[in-house]
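# Topology and contacts: notes
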Amino acid sequence: MTETMTNAQQTHDDAEREEPTTDHLDNVEDGCGCTEIWEHMSEERESASDD
């Protein structure tokens, strides 16, 4: 039996395979916890809104 994939299905499957971007975490130390990440993200947003 041959299955044919629609373009929508193929596009969805390709999107799931893409690696998420992590450049917004470049300045966060390895091994830090959720609180440190949250603080870093808050500071980044605050800096961006000041510009």
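Just above, that's the structure.
Attention here is on the structure that accompanies the text.

Conventions we followed
Residues numbered from 1 in each chain as written. Predicted model: local features only at pLDDT ≥ 70, side-chain atom pairs only at ≥ 80, totals over all residues. Heavy atoms only, no water. Helix = DSSP H or I, 4+ residues; strand = E, 2+ residues; numbered from the N terminus. Buried < 20%, exposed > 50% of the residue type's maximum accessible area, 1.4 Å probe, protein only. Areas by Shrake-Rupley, 256 points an atom, 1.4 Å probe, with all protein chains shown as cover. Disulfide = S-S within 2.5 Å. Contact = heavy atoms within 4.5 Å. Polar contact = N/O pair within 3.5 Å; in protein donor to acceptor, adjacent residues only side chain to side chain. Expected span 1.5 Å × (residues − 1). Patch = residues over 30% accessible without salt bridge, like charges linked within 9 Å, V, L, I, M, F, W, Y side chains within 5 Å. Salt bridge = Lys/Arg side-chain N within 4 Å of Asp/Glu carboxyl O. Lys, Arg positive; Asp, Glu negative; His and termini not counted. Charge placed at Lys NZ, Arg CZ, Asp CG, Glu CD.

What follows deals with the overall build of the chain. Each helix and strand in the chain was counted, giving two helices and zero strands. Within the span of the chain, comprising 51 residues, buried residues form 4% of the whole. When the accessible area of the chain is evaluated, it comes to approximately 5100 Å², of which 46% is carbon and sulfur surface.

Under the defined criterion, the tally for this structure stands at zero disulfides. Cysteine Cys-32 shares no disulfide, and the gap to the nearest cysteine sulfur, in Cys-34, comes to 8.5 Å. When its relative accessible area of 23% is taken as the criterion, Cys-32 is described as partly exposed. Judged by its relative accessible area of 70%, Cys-34 falls in the exposed class.

What follows is about the environment of Ile-37. Residue placement: Ile-37 occurs in helix α2 (residues 34-50). Expressed as a C-alpha distance, the spacing of Ile-37 and Leu-25, which sit twelve residues apart in the sequence, is 7.8 Å.

This next bit is on the side chain of His-40. Summarising the element assignment, His-40 is placed in helix α2. Excluding residues within four positions of it along the chain, His-40 makes contact with His-24, Asn-27 and Val-28.

Time to look at the environment of Ser-49. If you trace the backbone, Ser-49 turns up in helix α2. For Ser-49, a relative accessible area of 57% gives the class exposed. Polar contacts involving the side chain of Ser-49 include one to the main-chain carbonyl oxygen of Glu-46, which spans 2.9 Å.

Helix length check: α2, at 17 residues, gives a terminal C-alpha distance of 24 Å against a target of 24 Å (1.5 Å per residue), a fit within 8%. Buried residues are scarce in α2, accounting for one of its 17 residues.

Together, Glu-29, Asp-30, Glu-36, Glu-39, Glu-43, Glu-44, Glu-46, Asp-50 and Asp-51 give the surface a local cluster of negative charge. Residue position: Glu-29 is located in the loop between α1 (7-17) and α2. Glu-29 gets classed as exposed once you look at its relative accessible area, which sits at 68%.

Distances and angles like these do not, on their own, reveal function.
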